[in-house]
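Reading the structure
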Amino acid sequence: MTDGQAKAQPDSTQQQRAEDLHERALIGGLFYVLSWLLVSWQGGAWTRHPGLAGLVTGILLALALVRLVIRRWSQGRADRAAASLRAQWTVLLATAALWGGLSGWALWDRTFANADNVTLLATAALAMAFAQIFAVNKQIALVGTGMLFLPMLSIVALRYEQPGVAMVLVLNLIYLVAVIARSHREYEGKLALESALREQRDRFATLSRTDALTGLSNRGHFQQGLEQQVAAARADGSALAVAFLIADLDHFKSINDRYGHAAGDRCLREVATRLRECFVGSEALVARLGGEEFGVLVAGEDVARIAHLAEAFRASLERAPIALPDGSQFEVTVSVGLAQFSPETHRDGDALYAAADEALYRAKKGGRNRIEAA
């Protein structure tokens, strides 16, 4: 990323939550379909209510398919993370509510009596899966588990003459609530660890390409950008202009000798700020090449405008001395060498660099505090 390309970054944590939820929901819809087929077959629903049994099967299949559609729609799209989360949770809760109604119907309607055990086992298993898998969001996991489990528990408590079964189900529900709480803590801990590792990786990546003193790009990152831009310009038949300048502070050693290295460091930071400000609107890669030497790489700009910006930078240093914390000031000037890529002259980035360096040498030899073009 070049200097001046500050872009808002998406919420990577939200994207991670969405991806995790979609992955966990991938095949779950199929088990609702299979569970219903077992309950409806065991309870004789296909004989008594074939149309209704088929409709329910179709709805469960559609809900299972929508899970896959949402996942595919949002895969790799950080800008769709929030919308896909809402859509997926809606589908999951709709499926849980539908199964809660189906299990309640099967347990209430005594024509389904042969399917009681299958219904109880299937509902308990689906509720356990919901509690464990979808604890990504604790509140929604509790709601979804309740939708699955409470209709079954209520009917068993009201209709069954075996209070022991109801008591076991109550204990199971308490356990499910504990599972949700534990799974949610574990998930949040995992998410926090992944986020910390991601931040640390990004920080190391930034440090690897940034000059610690000035905050500009360092020599290695700049060299990489130079080679990439030159390669792109050569592939494009030089239609894409690439300009490169080297700016070197005049007599910088005397500043360190007279005012101290702290003042020298302050000077370098101030120069970096002014250089960045001068090229802020040009999509330039600005770097500290080493010592008191700075580089600017600009692609897709007219070289005359780059020369104008370089002159503005040179003049800003000449007009405005560097201020020290004690109120004292010292003047600093800069010499600049400017080169534009030419496929006939420059075979690679090193050749363009050498051309700018030669122009800088002429600027130094010609009296300093000036700009020379290759």
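Keep in mind that this is a model prediction, so the values were computed, not measured. Sequence positions are assigned chain by chain, starting from 1 and proceeding in written order. In keeping with the model being predicted, local features are shown solely for residues with a pLDDT of at least 70 and side-chain atom pairs are shown and tallied solely at 80 or more, while totals for entire chains, interfaces and linings include all residues. As a convention, hydrogens and water are excluded, and side-chain values are obtained from all of the structure's heavy atoms.

Quick look at the sheet that holds strand 6 (residues 334-340)
Strands sit in the order 2-3-1-6-7 across an open sheet of five strands; the sheet is mixed. If you trace the sheet from one side to the other, it starts and ends with strand 2 (285-290) and strand 7 (371-373), each paired once. Along the sheet, successive strands turn relative to each other by an average axial angle of 20 degrees, direction set aside. Strand pairing is defined by DSSP finding a minimum of two bridges between the two strands. In this text, helices come from DSSP runs of H or I with a minimum length of four residues, and strands from runs of E with a minimum of two, each type numbered from the N-terminal end. The sheet contact formed by strand 1 (residues 242-249) and strand 6 spans seven bridges and is antiparallel. Fitted lines through C-alpha atoms give the axes, limited to the stretch in contact for helices. The angle between two N-to-C directions lies from 0 to 180 degrees.

Observations concerning the nonpolar core
Across soluble globular proteins, nonpolar side chains have a tendency to be buried as a group. Put simply, a nonpolar core is a bunch of buried Ala, Val, Leu, Ile, Met, Phe, Trp, Tyr and Cys residues held in one set by side-chain atoms that sit within 4.5 Å of each other. A 1.4 Å probe rolled over the protein chains alone gives each residue an accessible area, and that area as a share of the maximum for its type sets the label: buried under 20%, exposed over 50%, partly exposed in between. Counting residues in hydrophobic clusters, the biggest one holds 45 residues, and the most contacted among them are Trp36, Trp99, Leu148 and Val156. Those elements giving two or more residues to this core turn out to be helix 1 (12-24), helix 2 (28-42), helix 4 (50-74), helix 5 (81-108), helix 6 (116-133), helix 7 (138-159) and helix 8 (163-208). Element by element, the count of residues in this core is highest for helix 5, at nine residues. Ignoring anything within four residues of it in the chain, the contact list for Trp99 reads Tyr32, Ser35, Trp36, Val39, Ala122, Thr123, Leu126 and Leu148. Formed by 31 residues, the second largest nonpolar core is a distinct cluster that contains Phe279, Val286, Val296 and Phe330. Any two residues whose heavy atoms approach within 4.5 Å at even a single point are treated as in contact.

Brief notes about helix 11 (residues 261-278)
Note that an α-helix has 3.6 residues per turn; residues three or four places apart therefore point the same way. Helices are assigned an expected span. That span is 1.5 Å times one less than the residue count. Helix length check: helix 11 (18 residues) gives 26 Å between terminal C-alpha atoms against 26 Å at 1.5 Å per residue, within 8%. Within helix 11 the residues assigned to the buried category are Ala263, Gly264, Cys267, Leu268, Val271, Ala272, Arg274 and Leu275.

Some thoughts on the pattern of salt bridges
The term salt bridge refers to a side-chain nitrogen of Lys or Arg lying within 4 Å of a carboxyl oxygen of Asp or Glu. Within this structure, the stated rule accounts for 16 salt bridges. Across the pair Glu270 and Arg274 runs a salt bridge, and its minimum N-O distance is 2.8 Å. Pair noted here: Glu270 and Arg274 are both in helix 11, with a separation of four residues, about one helical turn. Under the relative-accessibility criterion, Glu270 is labelled partly exposed at 29%. Here Arg314 and Glu318 are joined by a salt bridge, their closest N and O atoms 3.2 Å apart. A residue pair is termed a helical-turn pair when its members lie 3 or 4 positions apart in one helix, as Arg314 and Glu318 do in helix 12 (residues 303-319) at four residues. According to the relative accessible area criterion, Arg314 is buried, its value standing at 10%. With a relative accessible area of 41%, Glu318 lands in the partly exposed category. Several salt bridges converge on common partners, so that one network encompasses Asp20, Lys190 and Glu194.

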